[in-house]
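Remarks on the overall topology
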Amino acid sequence: VPRRSGPVSRPASQKSSSRNPIVATLTGVALAAILLLSFKAGPPAVLALVAVAVTVAAAELFNSLRLGGYRPATLLGLLGVPAIIVAAYFRGPAAILVGLVIFVVASMVWYLAGFTRRSPLANLSVTVFAFAWTGVLAAFAGLLVDPRIFPNRHGIAFMLGAVIAAVGYDIGGYAIGSRFGRHRLVPSVSPNKTWEGLIGGCAIAIAASAAVTSRIHPWHLSTAVWLGLIVAVVAPCGDLVESMIKRDLGVKDMGTLLPGHGGVFDRIDALLFVLPAAYYFVRLAHIG
């Protein structure tokens with residue numbers, strides 16, 4: 001049976017209160033520059049960036065699962081995550097379901113073949129869970145930037161709108177929560193997250209969407225505000241789910257690759273929930 005982490009002196013979901021704001025800001029600026037350059041280059045560049053970033057995030061998640069005492073099929077995961085993202089871009093929505101089915105079957109065969117014999121049910125479960133959390137949710141980025149679904153670079157605009165709102169939530173939640181946070185949101189999941197931070201993050205997500213996204217064609221003020229409202233609902237869920245899993249595994253951050261920010265997963269946890277919501281919103285609203 002996988003080892004359960006015992007009590008830790010510093011909760012796993014707690015953001016580091018001692019992180020250097022200058023280092024964090026410089027890292028954020030560098031990430032923003034890379035992101036904007038990929039958007040300017042076009043859909044293939046965005047697809048490549050998403051595939052690489054999410055695969056790194058998946059590696060961090062699989063490593064954290066191993067630290068928590070599980071033995072996931074990491075190799076399968078690191079092959080499957082970029083594959084399903086790319087498949088969604090080239091083959092459309094049906095590729096996500098097909099990719100999930102193939103991965104579930106392949107994972108079952110992996111444990112049946114005895115590559116990992118200990119606790120096959122638990123380890124199979126966390127393997128599929130990690131793949132779905134990273135690869136399946138991120139595959140909607142492939143759909144968003146698919147020029148066949150959204151021609152005339154509209155998909156780039158939709159993806160950029162989702163990123164702007166998600167980043168706004170993240171920045172607003174941290175800035176306002178660290179400065180004015182007094183009332184804990186869900187102490188059992190994340191002792192450092194507060195209602196003030198939640199409200200601030202949601203407000204900034206809506207404001208950023210209204211002020212910035214609304215100026216990007218084919219967004220309009222009304223649709224940009226609706227996007228901000230949707231992000232204000234789903235982004236906190238993504239953030240809290242990661243905090244819940246990190247606390248259960250007994251880790252503070254999923255990784256250490258990004259100075260001042262933790263790991264890649266720690267930066268895209270909310271965005272993973274935003275991507276499917278943004279895709280279905282723009283499809284149902286017939287934007288553009």
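What comes next is a walk through the structure. (Residues numbered from 1 in each chain as written. Predicted model: local features only at pLDDT ≥ 70, side-chain atom pairs only at ≥ 80, totals over all residues. Heavy atoms only, no water.)

Turning next to the overall build of the protein chain. The secondary structure content of the protein chain amounts to nine helices and two strands. Reading the protein chain from its N terminus to its C terminus gives the helix and strand order α-α-α-α-α-α-β-β-α-α-α. Principal axes of the C-alpha set define a box for the protein chain whose edges measure 55 × 45 × 30 Å. Taken over 288 residues, the protein chain has a buried fraction of 52%. (Helix = DSSP H or I, 4+ residues; strand = E, 2+ residues; numbered from the N terminus. Buried < 20%, exposed > 50% of the residue type's maximum accessible area, 1.4 Å probe, protein only.)

We now examine the packing of aromatic side chains. All chains considered together, the criterion is met by 12 aromatic pairs. Judged by centre distance (4.7 Å) and plane angle (70°), the ring pair of Trp 133 and Phe 265 falls under edge-to-face. Taken together, the residues Trp 133 in helix α5 (residues 120-144) and Phe 265 in helix α9 (residues 264-285) connect sequence positions 132 residues apart. Since its relative accessible area comes to 0%, Phe 265 is described here as buried. (Phe/Tyr/Trp six-rings, centres within 6.5 Å; stacked < 30°, edge-to-face > 60°.)

A word on a nonpolar patch on the surface. A surface patch of nonpolar side chains, amounting to about 350 Å² of accessible area, comprises Leu 97, Val 101, Val 105 and Val 109. Inspection of the secondary structure puts Val 101 in helix α4 (residues 94-112). For Val 101, a relative accessible area of 45% translates into the label partly exposed. (Patch = residues over 30% accessible without salt bridge, like charges linked within 9 Å, V, L, I, M, F, W, Y side chains within 5 Å. Areas by Shrake-Rupley, 256 points an atom, 1.4 Å probe, with all protein chains shown as cover. Salt bridge = Lys/Arg side-chain N within 4 Å of Asp/Glu carboxyl O.)

What follows is about helix α3 (residues 74-91). For α3, which comprises 18 residues, the first-to-last C-alpha distance of 25 Å matches the rise-based estimate of 26 Å (1.5 Å per residue) to within 8%. All of the buried residues in α3 are Leu 76, Gly 77, Gly 80, Val 81, Ile 84, Ile 85, Ala 88 and Tyr 89. Buried residues along α3 sit against α2 (43-67), α4 and α5. Positive backbone phi, at 85°, marks Gly 92, one or two positions downstream of α3. (Expected span 1.5 Å × (residues − 1). Contact = heavy atoms within 4.5 Å.)

Time to look at the pairing of strand β2 (residues 190-194). Buried residues dominate β2, accounting for four of its five residues. Alignment of strand β1 (residues 184-186) against β2, held across two bridges, turns out to be antiparallel. By the bridge assignment for β2, Arg 184 is matched with Thr 194. From the end of β1 to the start of β2, which pair antiparallel, there are three residues. (Pairing = 2+ DSSP bridges.)

Here we come to the packing of α2 against α9. In the contact formed by α2 and α9, the axes pass within 9 Å of each other and the chain directions differ by 110°. Our classification of the angle between α2 and α9 gives roughly perpendicular. You can see that α2 and α9 cross each other, and the crossing is left-handed. Counted together, Ala 53, Val 54, Val 56, Ala 57, Glu 60 and Leu 61 of α2 and Val 264, Phe 265 and Ile 268 of α9 form the full contact between these two elements. Class assignment for the residues of the contact of α2 with α9 results in eight nonpolar, no polar and one charged. (Axes fitted to C-alpha atoms, helices over the stretch in contact; angles between N-to-C directions. Parallel < 35°, antiparallel > 145°, perpendicular 65-115°, else oblique. Left-handed = near helix turned anticlockwise from the far one by under 90°. Nonpolar A, V, L, I, M, F, W, Y, C, P; charged D, E, K, R; others polar.)

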